[in-house]
Amino acid sequence: MTDFDAHAHPGASTENAFIATASSDEAGKLTGYRYKALGAIPEGREHSLRNLENAAEAGFHIGEIGIDSRYPDMEGQMAFFRDALTIAKDYDKIAVIHTVRAYELTYKTLRTSGISRFIMHGYTGSYEMAKQFISLGGMISIGRRAMRAKSFSKLITLPFLTESDMPAGYEQEMEIRNWNRELSELLGKDISERTWEMLSEWL
Ligand SMILES: [Zn+2]
């Protein structure tokens, strides 16, 4: 089995990646993918709850959604995030979470929402925080940037998914394969099939 990528973006066609978007007007780019989520994050262009709801109704998962403290209007971001989580929960879909320097706030929002199927994509937070997300029922997903996190050596002792965060295609496939290989060497066990093993029951 090919290594499964827990988080990639629209590009070439693939069944071996969970494809997400940053903007809610990108539903058209998701046509043809088997595992897909429509989202809207602060740096994305279009934020439409209606688009997310239509996507959920059509069977898509929801994401990327989340909070980014580098961007203005935290109140507005929070309100949108809460509503988007409600859609994911109501339609029994996975929420793909993108959060920057707002892990505590994200944690509280997730806990209040009552959602249990969510993925902390591109996780670079602390080990303790990761355990809290996992205790809510969520999964953490790490890309190469996690290597720069202080928590990295402890983080990889937890169950985690791996991701490229790249547009689907040849480079993305190489990236996820190499990243899994490096982690497998560090851990002294082969984790290249673990992302699929963990995610397949949710997808
Ligand atoms: Zn992404």
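Placed above this text is the structure.
Residues numbered from 1 in each chain as written. Predicted model: local features only at pLDDT ≥ 70, side-chain atom pairs only at ≥ 80, totals over all residues. Heavy atoms only, no water.

We now examine the coordination of the zinc ion. For the zinc ion, the protein coordination sphere consists of His-7 (NE2), His-9 (NE2), Glu-64 (OE) and Asp-165 (OD), at 2.1 to 2.2 Å. Of note is the zinc ion, whose four donor atoms meet at the metal with angles of 84 to 178° in an arrangement that counts as irregular. Counting along the primary sequence, the residues that act as donors to the zinc ion give the motif H-x1-H-x54-E-x100-D. (Donors = N, O, S within 2.8 Å, 3.2 Å for Na, K, Ca; no water. Tetrahedral: all angles 85-135°; square planar, octahedral: opposite > 155°, others 65-115°.)

Right, let's talk about helix α2 (residues 74-90) for a bit. Look at α2: 24 Å from first C-alpha to last across 17 residues, which is about the 24 Å you get at 1.5 Å a residue. Of the surrounding elements, those touching the buried residues of α2 are α1 (49-57), β4 (61-65), β5 (95-97) and α3 (103-113). (Helix = DSSP H or I, 4+ residues; strand = E, 2+ residues; numbered from the N terminus. Expected span 1.5 Å × (residues − 1). Contact = heavy atoms within 4.5 Å.)

Before going further, it helps to examine unusual backbone geometry. Each neighbour pair has its own omega, and for Gly-63 with Glu-64 the value is 10°, a cis peptide bond. Residue Arg-101 is not a glycine yet carries a positive backbone phi of 45°. One can find Arg-101 in the loop between β5 and α3. With a relative accessible area of 64%, Arg-101 lands in the exposed category. Positive phi is not limited to glycine here, since Asp-165 has a value of about 60°. With respect to the helices, strands and loops of the structure, Asp-165 is situated in the loop between β8 (161-162) and α6 (170-187). According to the relative accessible area criterion, Asp-165 is partly exposed, its value standing at 30%. (Buried < 20%, exposed > 50% of the residue type's maximum accessible area, 1.4 Å probe, protein only.)

It is worth spelling out the sheet that holds strand β1 (residues 5-8) at this point. If you walk across this open sheet you meet the eight strands as β1-β2-β3-β4-β5-β6-β7-β8, and the pairing is parallel. In the strand order of this sheet, the two ends are held by β1 and β8, each with one partner. Bridge count between strand β7 (residues 139-142) and β8: two bridges; the pairing is parallel. Bridging from a neighbouring strand, Ile-142 pairs with Thr-162 of β8. (Pairing = 2+ DSSP bridges.)

Time to look at the nonpolar core. Of all hydrophobic cores here, the largest spans 48 residues; its most connected members are Ile-65, Ile-97, Leu-110, Met-120, Tyr-123, Phe-133 and Ile-142. It is α2 that contributes the most residues to this core, seven residues altogether. Apart from the residues lying within four places of it in its own chain, the contact partners of Ile-65 are Gly-39, Ala-40, Ile-41, Leu-52, Phe-81, Ala-84, Leu-85, Ala-95, Val-96, Ile-97 and His-98. Within the second largest apolar cluster, 14 residues are counted, among which are Ala-6, Val-96, Met-139 and Leu-199. (Core = buried A, V, L, I, M, F, W, Y, C linked by side-chain atoms within 4.5 Å.)

For the pair α1 and α2, interaxial distance at closest approach is 10 Å and the crossing angle is 15°. Between α1 and α2, the crossing angle belongs to the class labelled roughly parallel. Considering how the two elements wind past one another, α1 and α2 form a crossing that is right-handed. Mapping the contact onto sequence places Leu-49, Leu-52, Glu-53 and Ala-56 in α1 and Phe-80, Asp-83, Ala-84 and Ile-87 in α2. Looking at side-chain class alone, the contact of α1 with α2 contains six nonpolar, no polar and two charged residues. (Axes fitted to C-alpha atoms, helices over the stretch in contact; angles between N-to-C directions. Parallel < 35°, antiparallel > 145°, perpendicular 65-115°, else oblique. Left-handed = near helix turned anticlockwise from the far one by under 90°. Nonpolar A, V, L, I, M, F, W, Y, C, P; charged D, E, K, R; others polar.)

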